[in-house]
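# What the coordinates show
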Amino acid sequence: DDVGDDVRRFKRGDRVLVSCTIGCGGCTLCDENLYSGCLVTTATGPVTNVFGSPLNPGGQAEAVKVPFADTNLFRIPPGLEDEQVLFLTDILPTGYMGADLAEVSPGDTVVVIGCGPVGVFAQLSALIRGAAIVIAVDLDEGRLAKAEARGCRPLNPGKEDLLDVVKSFTAGRGADCAIEAVGKPATVRSALESVRPGGRVAVIGVVSGGQQVSIDFLPLVMGKNLTIRSGIVNPQYYIPKLMPMIAQGKLDPTEIITHRLALSDGPRGYEIFDNHEEDVLKVVMTP
């Protein structure tokens, strides 16, 4: 493995992170920190510049080609272990982006729908940004217990009504903001319903497979003066902000790791995660 002739910031042997999205670093959208919408690397269509897509094979391999390396690689400080920075490649910036897009501010009541890895990082990000109350929503009691341990108010929508609980904390108004980290039409609607007039909603769960989100727009969005924001993550923008927080002990991404497996056990790791076996939250595989 080696660096290309045009790479200036890195040399062979450097310990680095790779952003999950690929930006060229020179177009107008990259200049605006919207690397996921890079005009060069998405020329064939949206989300074609993500590692793991047909055009850009993923990282579970002996070697990975990283286009525009000076833009998409980040040097890891010597004092940080691999597991501390591993999730900066994708899911930690995604969770933090959810809190950023929702403009979580000190004193806010925040609803986070989903207690999977991205939802956990959205919860932690909301707390770091000063949220007074983070209501963590999930059907998995094990994940809800973990959310409560990190300072959230757990809520199982199969046992409690989300709107009733939110209103009980907000004198009937609704949450200041909501972060959807599941990617289902029903949970997107729940996020919209849970916020107060003038509230902010961030959708970071991937609504895929041609699913359509059907909403009654006038009463649910326009009538409430809501702001809805979404997008594919831009780790290139968030890594320089989050890495120092990890180094200073303000954030511990390793708390989501529940399983460590060899890369050769990858199929079993996916099976455990997909089936929610063994109280799984995140599986880390090592070569």
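Cut-offs applied
- Residues numbered from 1 in each chain as written.
- Predicted model: local features only at pLDDT ≥ 70, side-chain atom pairs only at ≥ 80, totals over all residues.
- Heavy atoms only, no water.
- Patch = residues over 30% accessible without salt bridge, like charges linked within 9 Å, V, L, I, M, F, W, Y side chains within 5 Å.
- Areas by Shrake-Rupley, 256 points an atom, 1.4 Å probe, with all protein chains shown as cover.
- Salt bridge = Lys/Arg side-chain N within 4 Å of Asp/Glu carboxyl O.
- Helix = DSSP H or I, 4+ residues; strand = E, 2+ residues; numbered from the N terminus.
- Buried < 20%, exposed > 50% of the residue type's maximum accessible area, 1.4 Å probe, protein only.
- Arc of directions from axis to C-beta.
- Contact = heavy atoms within 4.5 Å.
- Polar contact = N/O pair within 3.5 Å; in protein donor to acceptor, adjacent residues only side chain to side chain.
- Core = buried A, V, L, I, M, F, W, Y, C linked by side-chain atoms within 4.5 Å.
- Pairing = 2+ DSSP bridges.
- Axes fitted to C-alpha atoms, helices over the stretch in contact; angles between N-to-C directions.
- Disulfide = S-S within 2.5 Å.
- Parallel < 35°, antiparallel > 145°, perpendicular 65-115°, else oblique.
- Left-handed = near helix turned anticlockwise from the far one by under 90°.
- Nonpolar A, V, L, I, M, F, W, Y, C, P; charged D, E, K, R; others polar.
- Right-handed = clockwise from strand over helix to strand, strands pointing away.
- Phe/Tyr/Trp six-rings, centres within 6.5 Å; stacked < 30°, edge-to-face > 60°.
- Lys NZ or Arg CZ within 6 Å of the ring centre and 35° of its normal.

Once that is clear, we can look at a nonpolar patch on the surface. Together, Phe217, Leu218 and Met222 give the surface a local cluster of nonpolar side chains, amounting to about 330 Å² of exposed area. In this structure, Phe217 sits in helix H9 (residues 217-222).

As a further point, take helix H6 (residues 141-149). Arg143, Leu144 and Ala147 are the residues of H6 that are buried. Seen from one end, H6 has its buried residues packed into an arc of 100 degrees, which puts them on one side. Residues of H6 that are buried in the fold lie against helix H5 (117-128), strand S4 (133-137), strand S5 (153-155) and helix H11 (266-274). Where H6 starts, the residue carrying a side-chain oxygen 2.9 Å from the main-chain nitrogen of Gly142 turns out to be Asp140. Two residues or fewer past H6, Gly151 is found with a positive phi of approximately 105 degrees.

When you line up the elements, Thr94 lands in helix H4 (residues 91-101). Overall, the relative accessible area of 9% leaves Thr94 in the buried class. Within the structure, the side chain of Thr94 is placed 2.9 Å from the backbone oxygen of Asp90, a separation counted as a polar contact.

The subject of this paragraph is the nonpolar core. Judged by nonpolar contacts, the single largest core of 48 residues is most densely connected at Leu88, Val104, Val110 and Ile179. Secondary structure elements with two or more residues in this core: H4, strand S3 (109-113), H5, S4, H6, strand S6 (175-180) and helix H10 (235-247). If you look at the next biggest cluster of nonpolar residues, it comprises 20 residues, including Ile113, Ile135, Val165 and Val203.

Pairing in this open sheet of six strands is parallel, and the strands run S5-S4-S3-S6-S7-S8 from one edge to the other. Looking at which strands have only one partner, the edges of the open sheet turn out to be S5 and strand S8 (227-230). Here the strands of the sheet are splayed against their neighbours by 20 degrees on average, with no regard to which way each runs. Bridge count between strand S7 (residues 195-203) and S8: four bridges; the pairing is parallel. The partner of Arg200 across the bridge, within S8, is Thr227.

Take the state of the cysteines next. For the structure shown, the criterion picks out zero disulfides. Free of any disulfide, Cys38 has its nearest neighbouring cysteine sulfur in Cys24, separated by 3.6 Å.

The next point concerns the packing of H4 against H5. Between two packed helices, the angle of one axis relative to the other and the distance separating the axes together describe the packing. Two elements in contact, H4 and H5, have axes whose closest approach is 7 Å; the angle formed by their N-to-C orientations is 50 degrees. The angle between H4 and H5 places the two elements in the oblique class. The two elements H4 and H5 cross, and the hand of that crossing is right-handed. Touching Ile91, Leu92, Thr94, Gly95, Tyr96 and Ala99 of H4 are Pro117, Val118, Phe121, Ala122, Ser125 and Ala126, all from H5. Looking at side-chain class alone, the contact of H4 with H5 contains nine nonpolar, three polar and no charged residues.

Relative to strand S10 (residues 282-286), strand S9 (residues 257-262) runs parallel, the two sharing five bridges. Paired with Ile257 across the bridge in S10 is Lys282. A crossover links S9 with its parallel partner S10, the connecting element being H11, and its sense is right-handed.

The next thing to look at is the packing of aromatic side chains. Scanning all chains against the criterion turns up three aromatic pairs. Relative to Phe121, the ring of Phe87 has its centre 6.0 Å away and its plane inclined at 45 degrees; by these criteria the two rings are tilted. On the criterion of sequence distance, the pair formed by Phe87 in the loop between helix H3 (82-85) and H4 and Phe121 in helix H5 is long-range, its members being 34 residues apart. An identical accessibility class is assigned to Phe87 and Phe121; each is buried. Measuring from centroid to centroid gives 4.8 Å for Tyr237 and Tyr238, while their planes differ by 75 degrees, and the two rings are edge-to-face. Stacked on the ring of Phe273, the Lys or Arg Lys282 has its end atom at 5.9 Å from the ring centre.

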